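# Observations on the three-dimensional arrangement
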Amino acid sequence: MPLNRILVADDEESIRWVLSKALKQKGFSVDLAHDGRHALELIKDNCYDLAILDIKMPGITGLELLDKVRELNSDLLVVIMTAEASMKNAVEAMKRGAYDYITKPFDLDVIDAIIEKVARARDIAGQVTTLKQELKDRYQVEKNIVGNSAAMQEVYKTIGKVAVSDVTILIQGESGTGKELVARAVHFNSGRLGKPFIAINCAAIPRDLLESELFGSEKGAFTGAGERKQGKFEQANHGTLFLDEIGDMPLDLQAKILRVLQEQEVTRIGGNQNIPVDVRIVAATNQSLVEKVRQKEFREDLYYRLNVVPITLAPLRERRDDIPALANYFLSRSCAEMSASPKRLTDDALELLKSYSWPGNVRELENSVKRAVILSNDPLLTSLDFGGLLPVSETPQSGSQETSLEALVDLKLRSCMNGIEGLDKGDIHAMVLEQVERPLIRLVLEKCRWNQVKAADILGINRNTLRKKISELQIEMKRG
Ligand SMILES: Nc1ncnc2c1ncn2[C@@H]1O[C@H](COP(=O)(O)OP(=O)(O)OP(=O)(O)O)[C@@H](O)[C@H]1O
Ligand SMILES: [Mg+2]
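Residues numbered from 1 in each chain as written. Chains lettered and ligands numbered in written order. Predicted model: local features only at pLDDT ≥ 70, side-chain atom pairs only at ≥ 80, totals over all residues.

## A word on the overall build of the protein chain
Selection criterion: A run of H or I in DSSP becomes a helix once it reaches four residues, and a run of E becomes a strand once it reaches two; helices and strands are each numbered from the N terminus. Counting other C-beta atoms within 10 Å of each residue's C-beta, where C-beta atoms are placed from the backbone, gives the exposure class: buried for 20 or more, exposed for 12 or fewer, partly exposed between. Any two residues are considered in contact once their C-beta atoms, placed from the backbone, lie within 7 Å.
Of regular secondary structure, the protein chain possesses 19 helices and 16 strands. Sorting the 480 residues of the protein chain into buried and exposed places 31% on the buried side. In the protein chain, the proportion of contacts linking residues at least 24 apart, taken out of those at least 6 apart, comes to 71%.

## Some details on unusual backbone geometry
A cis geometry characterises the amide bond from K104 onward to P105, with omega recorded as -5°. In this structure, P105 sits in the loop between strand 5 (100-103) and helix 5 (108-144). With phi around 70°, H238 is a residue other than glycine that occupies positive phi space. In this fold, H238 is placed in the loop between helix 9 (232-235) and strand 10 (240-244). Its identity as a non-glycine residue notwithstanding, W358 has a phi of 50°, on the positive side. Following the sequence through the fold, W358 ends up in the loop between helix 14 (347-355) and helix 15 (361-375). Exposure remark for W358: the 25 C-beta atoms within 10 Å place this residue in the buried category.

## Examining the site of ligand 1
Which entries qualify depends on this criterion: Using a C-beta atom placed from the backbone for every residue, we mark a residue as near a molecule or strand if that atom lies within 6 Å of it. Three categories are distinguished: nonpolar for Ala, Val, Leu, Ile, Met, Phe, Trp, Tyr, Cys and Pro, charged for Asp, Glu, Lys and Arg, and polar for the others, with Gly belonging to the last. Reported domain spans reflect what an automatic or database domain assignment gives.
Neighbouring ligand 1 are 17 residues; S175, G178, K179, E180 and V362 lie closest to it. Breaking the shell around ligand 1 down by element, the ones donating at least two residues are helix 7 (179-188) and helix 15. By residue class, the composition of the shell around ligand 1 is five nonpolar, eight polar and four charged. Residue-level mapping places the shell around ligand 1 at the junction of two domains, with at least three residues from each of domain 2 (145-314) and domain 3 (318-472).

## Description of helix 7
Burial analysis of helix 7 places eight of its 10 residues in the buried class, the great majority of the element. Looking only at helix 7, the buried set comprises K179, V182, A183, R184, A185, V186, H187 and F188.

## Details of the nonpolar core
The nonpolar side chains of a soluble globular protein tend to be buried with one another. The line we're drawing: For this entry, the nonpolar core is defined as buried Ala, Val, Leu, Ile, Met, Phe, Trp, Tyr and Cys residues connected by C-beta atoms within 7 Å.
Counting residues in each nonpolar core, the largest one holds 38 residues, and the members touching the most others are I171, V182, V186, L243, V282 and A283. With five residues, the top contributor of residues to this core is helix 7. Beyond its immediate sequence surroundings of up to four residues, V282 is in contact with I169, I171, A183, V186, T240 and F242. Of all hydrophobic cores here, the second largest spans 28 residues; its members include Y48, I52, L53 and A93.

## Considering the pairing of strand 2 (residues 29-33)
The following threshold applies: Whether two strands pair comes down to DSSP finding at least two bridges between them. With strands facing away from the observer, any crossover in which the path from the first strand over the helix to the second runs clockwise is taken as right-handed.
Where strand 1 (residues 5-9) and strand 2 come together, five bridges link them in parallel fashion. Looking across to strand 2, one finds that I6 is bridged to V30. Handedness of the crossover is the feature at issue here: the chain leaves strand 1, passes through helix 1 (residues 13-25), returns alongside strand 2, and the resulting connection is right-handed.

## Some points on the sheet that holds strand 2
Whether parallel or antiparallel, the strands of a sheet pair through hydrogen bonds between backbone atoms. The test is simple: Comment: axis = line fitted to C-alpha atoms, over the contacting stretch for helices; angle = value between 0 and 180 degrees taken between N-to-C directions.
In spatial order, the strands read 2-1-3-4-5; together these five strands make up an open sheet with parallel pairing. A strand with exactly one partner marks an edge of an open sheet, and here the two such strands are strand 2 and strand 5. Neighbour to neighbour, the strand axes of the sheet diverge by 20° on average, direction disregarded. The strands touched by helix 2 (residues 36-45) are strand 1, strand 2 and strand 3 (50-54); relative to strand 1, the strand with the most contacts, the crossing angle is about 165°.

## A look at helix 1
Short version of the rule: By this rule, a helix spans an expected 1.5 Å times one less than how many residues it contains.
Taking 1.5 Å as the rise per residue, helix 1 with 13 residues should run 18 Å; its terminal C-alpha atoms sit 18 Å apart, in good agreement. A positive backbone phi angle near 95° is found at G27, which sits one or two residues after helix 1.

## A few points about the sheet that holds strand 13 (residues 280-285)
Spatial ordering of the open sheet is given by 7-10-13-6-14, a layout of five strands whose pairing is parallel. Since the sheet does not close on itself, it has two edges, and those belong to strand 7 (197-201) and strand 14 (309-313), each with one partner. This sheet shows a mean twist of 15° between the axes of neighbouring strands, independent of strand direction. As paired elements, strand 7 and strand 10 share five bridges and run parallel to each other. Its bridge partner lying in strand 10, I198 is registered against L241. Together, strand 6 (169-173) and strand 14 form the strand contacts of helix 6 (residues 150-162), whose direction differs from that of strand 14 by roughly 155°.

## Some remarks on the environment of S74
Relative to the helices and strands, S74 resides in the loop between helix 3 (62-71) and strand 4 (77-82). Taking the C-alpha atoms as reference points, S74 and K44, 30 residues apart in sequence, are found 9.5 Å from one another.

## Description of the packing of helix 18 (residues 452-459) against helix 19 (residues 463-472)
Rules: Roughly parallel means an angle under 35 degrees; roughly antiparallel, over 145; roughly perpendicular, 65 to 115; everything else is oblique.
Across the interface, helix 18 lies against helix 19 with an axial gap of 9 Å and an inter-helix angle of 100°. Viewed along their axes, helix 18 and helix 19 adopt a mutual orientation that is roughly perpendicular. Contacts between helix 18 and helix 19 involve Q452, V453, A455, A456 and L459 from the former and R463, L466 and R467 from the latter.

## Description of the environment of R344
The topology assignment puts R344 in strand 15 (residues 344-345). Measuring from C-alpha to C-alpha, the distance between R344 and N328 comes to 7.9 Å, with 16 residues separating the pair along the chain. For R344, the contacting residues outside a window of four places in its chain are P379 and L380.

## Section: the environment of R184
If you trace the backbone, R184 turns up in helix 7. Measuring from C-alpha to C-alpha, the distance between R184 and V282 comes to 9.2 Å, with 98 residues separating the pair along the chain.

## Observations regarding the confidence of the model for the protein chain
So the rule is basically this: Every residue carries a pLDDT, the predictor's confidence in it, which falls somewhere between 0 and 100.
Chain-level statistics for the protein chain give a pLDDT mean of 85 and a share of 85% at 70 or above. Ignoring residues within four places in sequence, the model shows residues 390-403, a span with pLDDT below 50, making 21 contacts including any to other chains.

## Quick look at the packing of helix 6 against helix 7
Helix-helix packing is described using two parameters, namely the angle between the two axes and the distance between the axes. Heads up, the rule is: Crossing handedness: left-handed means the near helix sits turned counterclockwise from the far one by under a right angle, and right-handed means the same turn made clockwise.
Running from amino to carboxyl end, helix 6 crosses helix 7 at an angle of 35°, the nearest separation of the two axes being 9 Å. In terms of crossing hand, the pair formed by helix 6 and helix 7 is right-handed. In this structure, helix 6 contributes V155, I159 and V162 to the contact, and helix 7 contributes V182, A185 and V186. Looking at side-chain class alone, the contact of helix 6 with helix 7 contains six nonpolar, no polar and no charged residues.

What follows is the structure, encoded as structure tokens:
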């Protein structure tokens, strides 16, 4: 939080002039107000770091202004100038939340000393805020990434390896696989801890706005550009910039990003100054950038620049071992969030969750668990609480369909045996017929130890039909 913008309010022109000159010489940006009302307007419309206010001004006095500043809930630091060395005024100003006071006439040395003090205080306050936030985040990140599958262990290893360096990272994975979570983990385990982590979603912002968001703009650079604005690159200085959904970045902005990465400096829109930036880039996408490069929608040079260290997050259906831990984690978190009493997942619920295809990945699992917690009053969540997951709607994927079929069949078998309500015996066949008739019949037969009577019963088809199907679908029968 560097000290940058200062407001000086005094009805005496000579004071305004002297202070403005002295402060500008030190490189501060200074605005002047000739009375209290004017000062209040400026405070409302701008973001000052420090306001030096005369205590006695026509309209609104400095003390009243001080109250208004507190009402605005701003953390603007205020220094009050009093004409007489009156202790009473000084005490009153401090009581109302002034940061300090000075008495007129003053020496410019006094101003220097105050400015230095304010700058130091802001610096420390800034460090404390960042550290607090980051300790919190770091703590949470380490607790928050769940899963011990081989795929996730590879991810943890890579995070560990790249922690000390500043290499650019490209995280790829389907929607909901945890790309942002990993991006944060990279930052909070890096040497940039304590510096900003700035995220920008390139897909969510219209092109024109995206450019000024990234690179910043000078006052009046384009219609609607009010004050000078820092871009995300500048905000992330010394920290990490997370470029989310980088695959959606327009081509001309890709060229600009590449330039920033090469030169390590940005130029604000409408500006001509090159501002050096030291930023670590972590980019993420759920699209295939290689494919986009092939389609000429993504610059090849930028792709190579970003993809120094790739991290790929496997879809959840390819790391099913993580599902129980994730489900239990979301369960206890949801219960706590909703102040519900603790709940437990039954084995058959876990089995169903493990077998489902999860097209929306971890986010979908999180939402399913939340929904089940909301809808069920029971301390035990069974497969029936995840009824919406039953249809096997996944696109055939080698291996995964067999697995989910297996769980479905097991569930059926158990519900038939236990007489669980809500699951009709005969609906399973029709449900998955088109996609999965052959593997289904084969699996059921196998599970029923090739007993056709039992299999037909489970499938809900008549024994003769089953025999016909076995021959039609050329299912090889084995002995039970
Ligand atoms: N391994 C994990 N452990 C715990 N929570 C996870 C894990 N992976 C993802 N999540 C949770 O799942 C949700 C989605 O994760 P995140 O937003 O990081 O995914 P994403 O890949 O960025 O998705 P999108 O492409 O849709 O932006 C978040 O609530 C996140 O906390
Ligand atoms: Mg994301």
